[in-house]
Amino acid sequence: MTTTLRPDQPERRGAAGARSRRYTVCVNSRPVGGIELSAAPRFGVMAGRITGLEIHEPDRRRGRATVAALAAEEVLRGWGCDEVQVDLPGDAVPAQRLAESLGYAERNRTMAKTLSAPAPELPADSTVRPMSGAEYEVWNEQQTIGYVESLVARGVPFAQASARAETEHGAILPDGHRTEGTRLLTLVHRGQDVGTLWLRLRDAADAAVPAWVYSVEVAEEYRGQGHGRTLMLLAERECLDAGVADLGLNVFGGNTRALRLYQSLRYATVRQYLFKRLL
């Protein structure tokens, strides 16, 4: 039996080579599902995307989705894509297993937790203070350098990465350490500065948009001593004190230590972002 993709709508074209098209998944010309493919420049490469892959119930568990995904990769190769990306709901276990079997790697995932009172207490020998203006300047420079390095590592030219970092940080922190709704805090343990928290609060009335932890950092010499957990408890306490009940964050693939920390604190995966190089 032959599984093929049959176009079921005209191809759509966009700027910078972007394109997309919807296909019907067929087995011997019989429709068994559907799939959407798209491509656009992203992080210095032409990135293809697979979305909306669905196989009708009577044809599931017969390998149709696997063959359809492989056929989709061939289409994306023909479009000049360097890699293919998929993003999956956190509870889509069968889809995650399929992606893993096809060689997809995790780039990052978003996680979230619904908070409940009482607000957590910090260890007795740990205190918190706001980041000063002078500290913010040093911290912001380090954050920007780190972000640029992460973009360059993903193939973005240095000049483009630098411009993007400046634009994004300017949008998120328009007033620096005084940006409304933002908490930039330093964790002090037994008189020593051991880490920082960058937390963005959201409107407590909008439950659909969580607060967001942009950065939790522990100084290298103080890692492995539980300060990362303390900073996350601090983020939860700040949210609850502000009347915000949902907190989200991002964790990059391969950061096993951070992932274990968040899982131990009962953060659940909301969405997983995967990619595969197309050779």
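Residues numbered from 1 in each chain as written. Predicted model: local features only at pLDDT ≥ 70, side-chain atom pairs only at ≥ 80, totals over all residues. Heavy atoms only, no water.

Peer 1: Go over the side chain of His169, please, and point to the residues and values.
Peer 2: Assignment of secondary structure puts His169 in helix α4 (residues 158-172). On the accessibility criterion, His169 (10% relative accessible area) is buried. At a separation of 3.3 Å, a polar atom in the side chain of His169 contacts the side chain of Asn140. Apart from residues lying up to four places away in sequence, His169 is in contact with Asn140, Gln143, Thr144, Tyr147 and Trp198. (Helix = DSSP H or I, 4+ residues; strand = E, 2+ residues; numbered from the N terminus. Buried < 20%, exposed > 50% of the residue type's maximum accessible area, 1.4 Å probe, protein only. Polar contact = N/O pair within 3.5 Å; in protein donor to acceptor, adjacent residues only side chain to side chain. Contact = heavy atoms within 4.5 Å.)

Peer 1: So what's going on with the packing of aromatic side chains? Which residues, and what values?
Peer 2: Enumeration according to the criterion identifies four aromatic pairs in this entry. A ring pair is formed by Tyr262 and Tyr267, whose centres lie 6.3 Å apart and whose planes are at 65 degrees; its orientation type is edge-to-face. Note on Tyr267: relative accessible area 4%, which makes it buried. Aromatic ring contacts, followed pair by pair, group Tyr136, Trp139, Trp198 and Tyr214 into a single cluster. (Phe/Tyr/Trp six-rings, centres within 6.5 Å; stacked < 30°, edge-to-face > 60°.)

Peer 1: Just give me the short version of the pairing of strand β3 (residues 19-27), but keep the residues and values in it.
Peer 2: Counting buried positions over the nine residues of β3 gives seven, a clear majority of the element. Here strand β1 (residues 3-7) pairs with β3 via five bridges, running antiparallel. Note that in β3 the partner of Pro7 across the bridge is Tyr23. The hairpin turn running from strand β2 (residues 12-13) into β3, its antiparallel successor, is five residues long, and Ala16 in that turn takes a positive phi close to 60 degrees. Where β3 lies against strand β4 (residues 30-42), nine bridges are found, and the strand directions are antiparallel. Along β4, the bridge assignment pairs Arg22 with Glu36. Here β3 folds back onto β4 in antiparallel fashion, the turn holding two residues, of which Asn28 has a positive phi close to 50 degrees. (Pairing = 2+ DSSP bridges.)

Peer 1: Tell me what's going on with the pattern of salt bridges, and back it up with residues and numbers.
Peer 2: Applying the stated rule across the entire model yields 21 salt bridges. In this structure, the salt-bridge partner of Glu11 is Arg19, at a minimum N-O distance of 2.8 Å. A salt bridge links Glu168 to Arg164, with the nearest nitrogen and oxygen atoms 2.8 Å apart. In this pair, Glu168 and Arg164 both sit in helix α4, four residues apart, roughly one turn of the helix. Given a relative accessible area of 28%, Glu168 falls into the partly exposed group. You can call Arg164 partly exposed: its relative accessible area is 31%. Through salt bridges that share partners, Glu54, Glu57, Arg60 and Arg61 make up one connected network. (Salt bridge = Lys/Arg side-chain N within 4 Å of Asp/Glu carboxyl O.)

Peer 1: Can you tell me about the nonpolar core, naming the residues and giving the values?
Peer 2: Formed by 29 residues in total, the largest nonpolar core has its most connected members in Leu199, Leu247 and Tyr262. Of all the secondary structure elements, the ones that give two or more residues to this core are β9 (182-189), β10 (192-200), β11 (211-218), α5 (227-241), β12 (246-252) and α6 (256-264). The leading source of residues in this core is α5, at six residues. Excluding residues that lie within four positions of it along the chain, Tyr262 makes contacts with Met111, Met232, Leu249, Val251 and Tyr267. Listed in part, the 26 residues of the second largest apolar core include Leu5, Met46, Ala72 and Leu98. (Core = buried A, V, L, I, M, F, W, Y, C linked by side-chain atoms within 4.5 Å.)

Peer 1: Go over unusual backbone geometry, please, and point to the residues and values.
Peer 2: The step from Ala117 to Pro118 runs through a cis peptide bond, and the omega angle for that step is 5 degrees. On the secondary structure map, Pro118 appears in the loop between β7 (105-114) and β8 (126-130). For Ser29, which is not glycine, the phi dihedral falls at a positive 75 degrees. By the secondary structure assignment, Ser29 is in the loop between β3 and β4. With a phi angle near 65 degrees, Arg61 is a residue other than glycine that sits in the positive phi range.

Peer 1: I'd like to hear about the side chain of Ser215, residue by residue, with values.
Peer 2: Within the secondary structure layout, Ser215 lies in strand β11. In this structure Ser215 comes out as buried when scored by relative accessible area, which is 7%. At 3.3 Å, the side chain of Ser215 and the side chain of Gln143 are in polar contact. In this structure Ser215 touches Gln143, Thr196, Leu197 and Trp198, once residues within four positions along its chain are discounted.

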